[in-house]
Amino acid sequence: MPDLRWFVRQVEEVGDLARIQAEVDWDLELGHVAKLSEERGGPLLLFERVKGYEGRPVLASLFTTVKRMAIALGAPDRNSICQLARFWVDRTKHPVPPVSVPPERAPVYENSVTGPEADVLRFVPVPKLYPMDGGRFIGTAVAVVTQDPETGWVNVGTYRSQVFDGRTLGLQPIKGKDADLHIQNARKRGMRRMPVALVFGSDPLLFLTASTLFGRGVCEYDMVGALRGEPMEVTPGTYTGLPIPADAEYVVEGDLVIAEDELRLEGPFGEYTGYYSGTPSPKVWIDVKALHFRKGPLFPVSTVGRPITDTHMIQSLNRTATLWSDLEAMRIAGIRSVYCLPESGGRFIAVVSVDQKYPGHAEQVGMAVLGTTTGHYGVKYVILVDGDIPADDLTQVWYAIAIRSSPDRCELIKRGRSTPLDPGLPIHAREITSKMIINATVPYEWNDKPVQIQLDPAVEQQVRSRWSELGLSRFVTL
Ligand SMILES: Cc1cc2nc3c(=O)[nH]c(=O)nc-3n(C[C@H](O)[C@H](O)[C@H](O)COP(=O)(O)O)c2cc1C
């Protein structure tokens, strides 16, 4: 089963890995190096010497490019987010549950520290990314494992985690996220603490799937297995008993303190919108009980921050994929392609290309998007285009908005679920947002449709055959 080291090797083989051997400071410098490189489409970065953390390398910029996402997915021939999303939609139809291996066969247990020794700041090279961050954030490229105390459903989600001190860490599962649903069920049962594990490393697909909106009851381990075509290997956490990947680089186990009278202030953090999240606010937190790590462990980070970096690419891929899956599960005809663009944080704008087959079809698609697991949350604009325009051909999408739409065929929805991280809303009123369906399709029911200009086929053919003779092939390739 591929792990994070496999990914590094694959990327190095195609010459896309930069090993940084000069010492770099975890305090802002590391994050700034990564950000400047990522914004210019740079390579996978392996920081081999982090100040104060000898032998503890940091890996950054995992998924800043389509090429590296394709390598992680084992689909190197796919070269766009839409193509990778299509691969994802097809593979995830058949979940593959993990298999359990005994702890003695799990590399993650090569080193374990427990009790007062389990101080993450002693062992993990946690960066501080941005000047106004509330502190160092250990959880960026992280997979957080929790279990529903009612049903036993194990979920793996990516939620940011701030270091308060070496033995206490904040956690921010936003309202309604799967870990939050587990917390709500635990509170209903009078629990003040629940088991939690933070996973770093393992199959790089774990980070991609942990940051995906799969919906209730889905375990991301099954989705990694589905995408990879073989089961993940998990092993029981020695403190929590939760299943953790046997080949993780680092795992933190502990109690998630959920009692409302014990919450602690967390944040702010330089978020993927390009703005800081608001003032510090009360959050659940982790009382660290054990830390496990492999020999020569590799610590993965994401710089999050302003677009476009790996968070935006990740969200673009996984939201494109799950929105597409959601629409297919609704059995709506004519969906040609779907695209949640990285430029929109990978989630605020969704474009859907549809072959209309009946009056009101485009409208149905627009409303369906806003009702799906992926589309109901954080999507502010749905753009509908006809099937002749691929959803990711943004030049054509702009053309359709300009030429085929009319504002009175767009719909303004006044209230829908929002994200507290949306800087487009007032800072203290971010729970609910308005949404808009921009219908840039030609209405199906129009008998008198505008006639699109097409070239005369015979003349076009003739011109093509004379292209060189016309002296144009030097300038324009047909
Ligand atoms: C780098 C990164 C950081 C994220 N941070 C958070 C976070 O702090 N809180 C949160 O609720 N979602 C965060 N997300 C988005 C969630 O990972 C995403 O909504 C995912 O679906 C959550 O898992 P769940 O659906 O199992 O709840 C982050 C995503 C990425 C890629």
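In this text the structure is predicted, and so the values were computed from the model without any measurement. (Residues numbered from 1 in each chain as written. Predicted model: local features only at pLDDT ≥ 70, side-chain atom pairs only at ≥ 80, totals over all residues. Heavy atoms only, no water.)

This part takes up the overall build of the protein chain. Assigned secondary structure in the protein chain consists of twelve helices and 23 strands. Whereas a compact globule of 478 residues would reach a radius of gyration of roughly 23 Å, the protein chain reaches 24 Å, a difference of no more than 12%. The principal-axis extent of the C-alpha atoms belonging to the protein chain is close to 80 × 55 × 40 Å. Here the protein chain holds 478 residues, and 57% of them are scored as buried. Taking contacts inside the protein chain between residues at least 6 apart in sequence as the whole, the part at least 24 apart equals 72%. Only carbon and sulfur atoms are counted for the fraction: they give 53% of the accessible area of the protein chain, which is about 20,200 Å². For the protein chain, the distance from the average position of its 52 positive side-chain charges to the average position of its 58 negative side-chain charges is 2 Å. (Helix = DSSP H or I, 4+ residues; strand = E, 2+ residues; numbered from the N terminus. Rg over C-alpha atoms; globule rule 2.2 N^0.38 Å. Buried < 20%, exposed > 50% of the residue type's maximum accessible area, 1.4 Å probe, protein only. Contact = heavy atoms within 4.5 Å. Areas by Shrake-Rupley, 256 points an atom, 1.4 Å probe, with all protein chains shown as cover. Lys, Arg positive; Asp, Glu negative; His and termini not counted. Charge placed at Lys NZ, Arg CZ, Asp CG, Glu CD.)

On to the site of the ligand, then. In the vicinity of the ligand, 20 residues are found, and the nearest of them are Thr158, Tyr159, Arg160, Gln172 and Asp178. The contact in question runs from an oxygen atom of the ligand to an N or O atom on the backbone of isoleucine 174, over 2.9 Å. Within the backbone of aspartate 178, one N or O atom sits 2.8 Å away from an oxygen atom of the ligand. Taken by itself the ligand offers 620 Å² of open surface, and the protein chains cover 96% of this. Of the pockets mapped on this structure, the ligand occupies the largest cavity. If one sorts the elements of the shell around the ligand by residue count, helix H9 (residues 310-329) sits on top with three residues. (Near = heavy atom within 4 Å. Polar contact = N/O pair within 3.5 Å; in protein donor to acceptor, adjacent residues only side chain to side chain. 1 Å grid on protein atoms, 1.4 Å probe; cavity = no way out; pocket = protein on both sides within 12 Å on 5 of 7 lines; lining within 4 Å. Sits in = over half its atoms within 2 Å of the grid points.)

With that out of the way, let us pick up the packing of helix H3 (residues 66-73) against helix H4 (residues 81-91). Where H3 contacts H4, the two axes come as close as 10 Å, and the packing angle between them is 20°. In terms of their interaxial angle, H3 and H4 are classed as roughly parallel. For H3 against H4, the interelement crossing comes out left-handed. Residue-level contacts link Val66, Met69, Ala70 and Leu73 of H3 to Ile81, Leu84, Phe87 and Trp88 of H4. (Axes fitted to C-alpha atoms, helices over the stretch in contact; angles between N-to-C directions. Parallel < 35°, antiparallel > 145°, perpendicular 65-115°, else oblique. Left-handed = near helix turned anticlockwise from the far one by under 90°.)

So, on to the nonpolar core. Among the nonpolar cores identified, the biggest contains 92 residues, and Phe7, Phe63, Leu73, Leu317 and Leu327 are the most heavily contacted of them. The two domains that each donate at least three residues to this core are domain 1 (4-300) and domain 2 (330-440). When residues no more than four places from it in sequence are discounted, the contact partners of phenylalanine 7 are Leu44, Leu62, Phe63, Arg68, Ile71, Ala72 and Pro204. If you look at the next biggest cluster of nonpolar residues, it comprises 41 residues, including Leu45, Tyr53, Tyr250 and Val284. (Core = buried A, V, L, I, M, F, W, Y, C linked by side-chain atoms within 4.5 Å. Domains from an automatic or database assignment.)

Okay, helix H11 (residues 394-404) next. Listing the buried residues of H11 in full gives Val397, Ala400, Ile401 and Arg404. The arc enclosing the buried residues of H11, seen along the axis, measures out at 115°, which places them on a common side. More than 90 degrees from the buried face of H11, the exposed residues found are Thr395, Trp398, Ala402 and Ile403. Residues of H11 that are buried in the fold lie against strand E20 (349-354), strand E21 (381-386) and strand E23 (432-440). (Arc of directions from axis to C-beta.)

For the structure on display, the rule yields two cavities of 30 Å³ or more. Approximately 580 Å³ is the volume attributed to the largest cavity. Together, 38 residues line the largest cavity, and Thr158, Tyr159, Lys177, Ser211 and Gln315 are the ones closest to its centre. Listing elements by their share of the lining of the largest cavity, those giving two or more residues are strand E8 (154-157), helix H7 (204-210) and H9. Looking at the lining of the largest cavity residue by residue, the class counts come to 13 nonpolar, 16 polar and nine charged. The residue makeup of the lining of the largest cavity includes at least three contributed by each of domain 1 (4-300) and domain 2 (330-440). For the second largest cavity, the calculated volume is near 90 Å³. Forming the walls of the second largest cavity are 13 residues, and the residues nearest its centre are Ala141, Phe200, Gly201, Phe207 and Pro300. When contributions to the lining of the second largest cavity are tallied by element, the ones reaching two or more residues are strand E11 (193-201) and H7. Taken together, the residues of the lining of the second largest cavity sort by class into eleven nonpolar, one polar and one charged. (Points joined across faces, edges and corners; volume = space filled by probe spheres on them. Nonpolar A, V, L, I, M, F, W, Y, C, P; charged D, E, K, R; others polar.)

What follows deals with the domain arrangement of the protein chain. Looking at the protein chain, the domain boundaries give domain 1 (4-300) and domain 2 (330-440). Using only C-alpha atoms to locate each centre, domain 1 and domain 2 end up separated by 30 Å. Listed per partner, the contact involves 17 residues of domain 1 and 16 residues of domain 2. Overall, the association of domain 1 and domain 2 removes approximately 1,300 Å² of surface from exposure, summing both partners, and the carbon and sulfur fraction of that is 70%. If you sort the residues of domain 1 by the area they bury against domain 2, Cys82, Leu213 and Tyr272 come out on top, with a joint share of 41%. In this structure, the connection of domain 1 to domain 2 is made through zero salt bridges. Remark: the boundary between domain 1 and domain 2 carries two residue pairs in polar contact (both at pLDDT 80 or more). In terms of residue class, the side of domain 1 that touches domain 2 is made up of seven nonpolar, six polar and four charged. (Buried area = accessible area lost by both parts, 1.4 Å probe. Salt bridge = Lys/Arg side-chain N within 4 Å of Asp/Glu carboxyl O.)

Attention now goes to the pairing of strand E9 (residues 161-165). Pairing analysis gives two bridges linking strand E6 (residues 137-139) to E9, with the strands arranged antiparallel. Along E9, the bridge assignment pairs glycine 139 with serine 161. The pairing of E9 with strand E10 (residues 168-170) spans two bridges and is antiparallel. Within the sheet, the bridge partner assigned to valine 163 lies in E10 and is leucine 169. Here E9 folds back onto E10 in antiparallel fashion, the turn holding two residues. (Pairing = 2+ DSSP bridges.)

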